[in-house]
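Here is how the chains run, residue by residue.
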2 protein chains.
Amino acid sequence: MKIKLCYTGGMTEHASETDSPHHAPVPLAECALARAIRAIGDGWTLLILREALCGVERFDAMHDDLGIPRSVLAERLSKLVAEGILEQRPYREPGRRQRNGYGLTEKGRALTPALVALREWSEAHLPGGPSRLRLQTQDGQEVTTRLTRADGSSLDDLSEIVAVAKPE
Amino acid sequence: MKIKLCYTGGMTEHASETDSPHHAPVPLAECALARAIRAIGDGWTLLILREALCGVERFDAMHDDLGIPRSVLAERLSKLVAEGILEQRPYREPGRRQRNGYGLTEKGRALTPALVALREWSEAHLPGGPSRLRLQTQDGQEVTTRLTRADGSSLDDLSEIVAVAKPE
DNA sequence: CATCTGAGTCCATTTTTCATACCCAAAATA
DNA sequence: TATTTTGGGTATGAAAAATGGACTCAGATG
């Protein structure tokens, strides 16, 4: 996946109402969502973040859980560390040499809402039976996401949402 | 990325408190989040969903916006249609032959919260300047996500969240 | 009829992933 | 001290996927 950040941007003169109601041609370089996708939008990377969210810190544990090739795991971990999403966490088991695991930084933990939303979507719309992974508060309440407007009111009808391009 | 759904599952006898506090070894097959990642956790797929959320329906428009190879775009679109996330939307411009675009189904639109959360994370934690893509209500209010507990109260401290494996 | 256009398909080349084997440092064992 | 063991990686060749460009197809237009 080699995203070119050249983008013809801007409405061309023949853009018309035959286009969809709200085509917002925001160049990829100026789109926060696109940047997030470039940072973590990869199957293995997302699965590694799931492991991290579940508290799995060790290379071999991730390797065993995911069945990911070791070279790919090493490469993704170092990329996530370089991006500040994971950090190395040296640890030592008694009678064993010091090693380093990987844990979420604050930046990485801030991805929780996105992962919770993805999990919710999956539960509601994908087949596969109930999930055994629960994301909950320490007192056992399930955590979910809710869309809200700027004024704080909650937004239930997705068709109310439009994507628009801010003028430069 | 070839996920093997064999997973050694279950705590082994030497699992101990040297593991992270809440290691929840839920097999990938029984994890809703993992299923979501398998369905849409791919860079191009996510960028295509961004296009769809922005109302871009046409093959060539997506191709131009993203710079994605045509063969990859065709393959991803047909996969998304097969999964019921996108649907073909036949349309005809005046004086042109009928063609089909692609639009979000209800299932696809239900991914909006996840994409909004991802966008929020990017704005807050990735460099790159302000985003020009806004997701807002028709009356111009920005849409954001909020984590909530089952009782409806909102949850601001991410460290309150734990991942646990439901017993089978 | 010849041409144009959007929406793909086909194909040769390059890149990434996969699976397996191998390596390294320090602790444990002898 | 020499040897083994083990977690945490690297190296390597084969397989799969992405890339970019050419090609195709159907129908509208001139």
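Residues numbered from 1 in each chain as written. Chains lettered and ligands numbered in written order. Predicted model: local features only at pLDDT ≥ 70, side-chain atom pairs only at ≥ 80, totals over all residues. Heavy atoms only, no water.

Here's the deal with the environment of Arg89(B)
Residues and elements named next belong to chain B.
Next up, step 1: Locating Arg 89 in the fold gives a position in strand E1 (residues 86-91).
Next up, step 2: For Arg 89, a relative accessible area of 27% translates into the label partly exposed.
Next up, step 3: Separated by 13 residues in sequence, Arg 89 and Tyr 102 place their C-alpha atoms 5.4 Å apart.
Next up, step 4: Setting aside residues up to four positions removed in sequence, Arg 89 forms contacts with Glu 57, Arg 99, Asn 100, Gly 101, Tyr 102, Gly 103 and Leu 104.
Next up, step 5: Side-chain polar atoms of Arg 89 contact the side chain of Glu 87, separated by 3.0 Å. (Helix = DSSP H or I, 4+ residues; strand = E, 2+ residues; numbered from the N terminus. Buried < 20%, exposed > 50% of the residue type's maximum accessible area, 1.4 Å probe, protein only. Contact = heavy atoms within 4.5 Å. Polar contact = N/O pair within 3.5 Å; in protein donor to acceptor, adjacent residues only side chain to side chain.)

Examining the packing of helix H3 (residues 59-66) of chain B against helix H4 (residues 70-82) of chain B
All names here are of chain B.
Next up, step 1: With their axes 10 Å apart at the nearest point, H3 and H4 run at an angle of 125 degrees to one another. Of the possible angle classes, the one that applies to H3 and H4 is oblique. Relative to H4, the crossing made by H3 is right-handed. Contact with H3, carried on its side by Phe 59, Asp 60, Met 62 and His 63, involves Arg 70, Leu 73, Ala 74 and Leu 77 of H4 and no other residues of that element.
Next up, step 2: For the contact of H3 with H4, the per-class residue count stands at five nonpolar, one polar and two charged. (Axes fitted to C-alpha atoms, helices over the stretch in contact; angles between N-to-C directions. Parallel < 35°, antiparallel > 145°, perpendicular 65-115°, else oblique. Left-handed = near helix turned anticlockwise from the far one by under 90°. Nonpolar A, V, L, I, M, F, W, Y, C, P; charged D, E, K, R; others polar.)

Remarks on the protein's contact with DNA strand D
Next up, step 1: Neighbouring residues of DNA strand D: 22 residues in total, closest Met1(A), Lys2(A), Arg70(A), Tyr91(A) and Gly95(B).
Next up, step 2: Taken together, the sugar and phosphate atoms account for 69% of what DNA strand D places within 4 Å of the protein.
Next up, step 3: A distance of 2.9 Å is found between a phosphate oxygen of DNA strand D and a side-chain nitrogen or oxygen belonging to Trp44(B).
Next up, step 4: Between Arg92(B) and DNA strand D, the recorded distance is 2.9 Å, taken from a side-chain N or O atom to a phosphate oxygen.
Next up, step 5: Here the element with the most residues in the surface near DNA strand D is H4(B); it accounts for four residues. (Near = heavy atom within 4 Å.)

Describing the protein's contact with DNA strand C
Next up, step 1: Around DNA strand C, the surrounding shell holds 23 residues, and the nearest of these are Arg92(A), Gly95(A), Met1(B), Lys2(B) and Tyr91(B).
Next up, step 2: Within 4 Å of the protein, atoms of DNA strand C come from sugar and phosphate in 72% of cases.
Next up, step 3: At 2.8 Å, a side-chain N or O of Arg70(B) approaches a base nitrogen of DNA strand C.
Next up, step 4: Mapped by element, the contributors of at least two residues to the surface near DNA strand C are helix H4 (70-82) of chain A together with H3, H4 and strand E2 (99-104) of chain B.
Next up, step 5: It is H4(A) that contributes the most residues to the surface near DNA strand C, four residues altogether.

Considerations on the confidence of the model for chain A
Next up, step 1: Averaged over all residues, the pLDDT of chain A equals 88, while 88% of them reach at least 70.
Next up, step 2: Residue range residues 6-22 of chain A is modelled with pLDDT below 50. Its contacts to residues more than four positions away, or to other chains, number 17 contacts. (pLDDT = per-residue confidence, 0-100.)

Considerations on helix H1 (residues 32-40) of chain B
Next up, step 1: The element H1(B) is largely enclosed, with a buried count of eight among its nine residues.
Next up, step 2: Among all positions in H1(B), only Ala32(B), Leu33(B), Ala34(B), Arg35(B), Ala36(B), Ile37(B), Ala39(B) and Ile40(B) are buried.
Next up, step 3: Looking at the buried positions of H1(B), the neighbouring elements they touch are helix H2 (43-53), helix H6 (112-125) and strand E3 (133-137) of chain A together with helix H2 (43-53) of chain B.

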